[in-house]
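Structural overview for review
Now for the letters of each chain:
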Amino acid sequence: MKIACNACPLLCQISDGRTGACDRYANQGGALVRLDPVVILNRALKSADPIPLVSFASSAAASSSDTNGVAQPSSEPWSGNILASQDVFVTGVGASTTYPDYKPAPFIVGSLHEGVDMVTVVTEGIFSYCSLKVKIDTDRYLGPEQANVLCRGEVVGHVTTAEYGSQMLSLGGVHHLTGGSKKEGRVTMEMMQALGNKQAMALTIEGGAELVIQAGRAPIVNGVAEQRMRVGCGSAAIGIFAQQFLGLADEVVVVDDHITGVLTEHQAGKCLNMPSSGIIMRGRRSTPGRYFQVANPGIGWGGTDIADPLAIIEGWDPDIAKPGLKLLMTSTTGEHASWYVLDDQLRPQECSMPAAVRAVVDRIGENCEPSMTSILFVGGAGGSLRAGVTDNPVMLTRAIKNALVNVTCGGAPAYVWPGGGITVMVDVLRMPDNSFGTVPTPAIVAPFEFSMRADDYAKLGGHTAHIRDLQQVLRDGSWHSDGAPLKLQWLAPSQDNPWPLGQPPLLG
Ligand code: SF4
């Protein structure tokens, strides 16, 4: 017999032994069940290794034999050992969704934290309004600002404003999920799920680079794994290392696509009483010793398109420059560096770099942090998801803005943006593995937890009749009569995260 899943607007009719379109729910002997385990953090666990799955006691009793490949819960139910509630946190990962939205969240957990009665409302949200903000630590030119980012031939985002030492992408979002073709929406959704779940994805930037990115890993740009994030812009590198160059070089140029630094013109060189070298630079002089647009952006020296650094030198003032002048040219990471001496015609001749100069160049490299890809999930929980928390949704928004409610995603701290709504931003690396799911509407499924004092929960019109204490939750699972998760997965919390209960929220 088919049963209807109403955990998302698709409303799948699922035959016995089969799963719905998202593979998250199944019909097991006429019962609708959630197949993924609920992830429960346990501070008593010493290892980050997951403990084997166990069943909620009630679901183990009700489980039936495997049919047509539908996964069954472990036959081992949770032992029911009393756990100290301050050490256990039920996350939204695998908690299941509440569609239609008027249903109370699947887990509304009462627990004690430092003698205070707390409530954590645990749910999974379905998000059409969500995106990924990607920070790629590299000087290399990835593509023009506003250029399209493609995945499997579909536009899934764009290049956005570069930050200090990093190129930035904005991926996903409602426009690509719902505003384009069916294929664009599906590819966008799959790309977001994969990156959110810490997997690698290949992307192409129109008019720019081929990328492979993965949260917590070095980006691969045009087939080459990036090594270093620059120490700073060219001007900053001049300022940082000026004292160490003094006495070794008569002129130092730090080549940078954004701000190229020239030591003797720079304020740092002036403070050290360095005489002018007579160098005449290409590009647009911004302030003394700081030049913009010395070349085009690219994957050469310092994020420019040059392979020969001398290409950015226009010439030398013959009234100032002297034969024998010693010139160092380096990139902002020290990966490229050359040493020159001016000949009698004031032409730079490349020579072998003295050991003392090499030591300073090596120090530039030493001060570069490893290049990394960072991925933040941004989602708007200001919509209907709030009705799973309270009858009066604006009260939840206000309570969050008043720092009465801590918002976490899979137990990871979420930054709440200022202004209206509940728009949160969370580092996917701090969330449990495979925190994100999808539904084919298309949309992303993401875990959310709202933790607060029990009396505050009552004041904001919370579904207090559905509060169950932690021991009962661990024994019986969620209150939902259908689509309830059958299994729980113990996990040690990430050492990087504060414990979700008792933490002030990260408010903007
Ligand atoms: S796609 Fe998944 S959540 Fe949506 S109705 Fe089908 S089985 Fe349920």
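Nothing here was measured: the structure is a model prediction, and the numbers come from that model. (Residues numbered from 1 in each chain as written. Predicted model: local features only at pLDDT ≥ 70, side-chain atom pairs only at ≥ 80, totals over all residues. Heavy atoms only, no water.)

1. Observations regarding the site of the ligand
Inclusion rule: Nearness is defined per residue: one heavy atom within 4 Å of the molecule or strand is enough. The nonpolar class holds Ala, Val, Leu, Ile, Met, Phe, Trp, Tyr, Cys and Pro. Asp, Glu, Lys and Arg form the charged class, and all remaining residues, Gly among them, are polar.
All residues in the neighbourhood of the ligand are listed as Cys5, Ala7, Cys8, Leu10, Leu11, Cys12, Gly20, Ala21, Cys22, Arg24, Tyr25 and Pro440. Within the shell around the ligand, the residues separate by chemical class into 10 nonpolar, 1 polar and 1 charged.

2. Examining the packing of aromatic side chains
Rule in force here: Note on aromatic pairs: the rings of Phe, Tyr and Trp (six-membered ring only in Trp) are paired at centre separations within 6.5 Å, and the planes decide the class, stacked below 30 degrees, edge-to-face beyond 60, tilted for the rest. Each helix is a run of DSSP H or I of at least 4 residues and each strand a run of E of at least 2, with the numbering of both proceeding from the N terminus. Summary of the burial criterion: residues with accessible area below 20% of their type's maximum are buried, those above 50% are exposed, and those between are partly exposed, where the area comes from a 1.4 Å probe applied to protein chains only. Counted as over-ring charges are cases with an Arg CZ or a Lys NZ within 6 Å of the ring centre that also lie within 35 degrees of the ring normal.
For the coordinates displayed, the defined rule picks out 6 aromatic pairs. Relative to Phe448, the ring of Phe127 has its centre 5.3 Å away and its plane inclined at 35 degrees; by these criteria the two rings are tilted. With a gap of 321 residues between them, Phe127 in strand β9 (residues 116-127) and Phe448 in strand β33 (residues 443-453) connect regions that are remote in the sequence. For Phe127, a relative accessible area of 2% puts it in the buried group. In textbook terms, an aromatic cluster arises when at least three aromatic residues are bridged by ring pairs, as seen for Phe127, Phe377, Phe436, Phe448 and Phe450. Over the ring of Tyr25 we find Arg34, and its NZ or CZ is 5.4 Å from the ring centre.

3. Focus on the sheet that holds strand β36 (residues 487-491)
Strands pair in a sheet through their backbones, by hydrogen bonds, and they do so in one of two ways: parallel or antiparallel. Inclusion rule: Strands qualify as paired when DSSP identifies two bridges or more between them.
Pairing is mixed in the open sheet, where 4 strands are placed in the order β6-β36-β5-β7. With partners counted over all chains shown, the strands left at the sheet margins are β6 (54-55) and β7 (88-90), one partner each. With 3 bridges joining them, strand β5 (residues 38-42) and β7 adopt antiparallel strand pairing. Of the residues in β7, the one forming a bridge with Leu41 is Phe89.

4. What to know about the pattern of salt bridges
For the record, the criterion: Just to be clear on terms, a salt bridge is a Lys or Arg side-chain nitrogen sitting within 4 Å of an Asp or Glu carboxyl oxygen.
Tallying each qualifying case throughout the model produces 18 salt bridges. A salt bridge links Arg152 to Glu190, with the shortest nitrogen-to-oxygen separation between them at 2.4 Å. Separated by 38 residues along the polypeptide, Arg152 in the loop between β11 (148-151) and β12 (154-163) and Glu190 in helix α3 (residues 182-196) bring together distant segments of the chain. Arg282 is paired through a salt bridge with Glu314; the nearest N and O atoms lie 3.1 Å apart. Note that Arg282 is positioned in the loop between β20 (279-281) and β21 (284-287) and Glu314 in strand β23 (residues 313-316), a separation of 32 residues in sequence. What makes Arg282 partly exposed here is its relative accessible area of 35%. Each member of the salt-bridge network shares a partner with another, and the members are Arg24, Arg34, Asp36 and Glu124.

5. Details of the sheet that holds strand β4 (residues 31-34)
Taken in spatial order, the 3 strands line up as β3-β4-β35 in an open sheet, and their pairing is mixed. With partners counted over all chains shown, the strands left at the sheet margins are β3 (25-28) and β35 (484-485), one partner each. In this sheet, β35 lies alongside β4 in parallel orientation, the contact comprising 2 bridges. Bridge pairing in β35 links Val33 to Ala484.

6. Some words on the nonpolar core
Quick note on the threshold: Nonpolar cores were defined as sets of buried Ala, Val, Leu, Ile, Met, Phe, Trp, Tyr and Cys residues, with membership established by side-chain atoms within 4.5 Å. Only heavy atoms enter the contact rule, under which two residues are in contact if any of them lie within 4.5 Å.
Leu169, Leu171, Met191, Phe377 and Phe450 are the most contacted members of the largest nonpolar core, which has 59 residues in total. Considering each element in turn, this core owes the most residues, 6 residues, to α3. Beyond its immediate sequence surroundings of up to four residues, Met191 is in contact with Leu132, Cys151, Val156, Leu171, Gly172, Met201 and Leu203.

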